[in-house]
Amino acid sequence: MACSNITSGVLNGCSSNQGGLEAIFIANGPVESITEAAGVVSAISVGGSPLVPADFFKFDVPRTTSSISETATGDVMQGTVTYAQTAIMVLNQMQASTRDQLKLMFEATNMVVVAKDNNGKFFSIGLLRGAYGETATSTSGVSYQDRNGYEITISGIEKDPMFEIDSAIVEA
């Protein structure tokens, strides 16, 4: 089998990029198939039907609190490459309704998770193998200015890097 060759360089773009997330969208999985071209997914099928915005639950996150990341790990000795994908989602205000959704989230093992960044782009977490709740911490805070709420880590490990997701799939 021939190995891949690099086909182009990457230019340093303008300084108009913004860090952080605006929201995280979660649908029930598992994903059966995707339609993808050049790293952009234009359709996701679950249960024989394409996902539409009504299938996703939106989790708004407070400004400058939440992020996504991906770590590629190559092992030449084993001949493998994996991509560990993580979303860190902060939710304010401890309450029973949030607690109940977190419980369901941690029982699920094949969530469809899409993060909307502050540039208006959407990216997948664990799209083909399923995303899952890895850790959640709830805290009351100590002082009046501290967060009363949750920090949730959602993870996935994939054979490919994060896909960019067409916004029409997730948000109307």
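The structure we're discussing is the one just above.
Because the structure is predicted, anything quoted here is derived from the model rather than measured.

Undergrad: Go over the pattern of salt bridges, please, and point to the residues and values.
TA: A complete count under the given rule lists eight salt bridges for this structure. The salt bridge partner of K58 is D60, with a shortest N-O separation of 3.6 Å. For R99, the salt bridge identified is with D100, shortest N-O distance 2.5 Å. Taking the relative accessible area as the measure of exposure, R99 reaches 48% and is therefore partly exposed. Taken together, the shared-partner salt bridges in this structure form one network comprising E22, K58, D60, K116 and E171.

Undergrad: Can you break down the sheet that holds strand β7 (residues 80-92) residue by residue, with the values?
TA: With antiparallel pairing, four strands are arranged side by side in an open sheet as β6-β7-β11-β10. Among the strands making up the open sheet, the edge pair consists of β6 (67-75) and β10 (132-139). On average, adjacent strands in this sheet sit at an angle of 15 degrees to one another, irrespective of strand direction. Strand direction decides the pairing type here: β7 and strand β11 (residues 149-158), joined by ten bridges, are antiparallel. Paired with A87 across the bridge in β11 is I154. The sheet strands contacting helix α1 (residues 96-107) are β7, β10 and β11, and the helix crosses β11 at an angle near 20 degrees.

Parameters and conventions
Residues numbered from 1 in each chain as written. Predicted model: local features only at pLDDT ≥ 70, side-chain atom pairs only at ≥ 80, totals over all residues. Heavy atoms only, no water. Salt bridge = Lys/Arg side-chain N within 4 Å of Asp/Glu carboxyl O. Buried < 20%, exposed > 50% of the residue type's maximum accessible area, 1.4 Å probe, protein only. Pairing = 2+ DSSP bridges. Helix = DSSP H or I, 4+ residues; strand = E, 2+ residues; numbered from the N terminus. Axes fitted to C-alpha atoms, helices over the stretch in contact; angles between N-to-C directions. Contact = heavy atoms within 4.5 Å.

Don't take any of this as a statement about function, it's just geometry.
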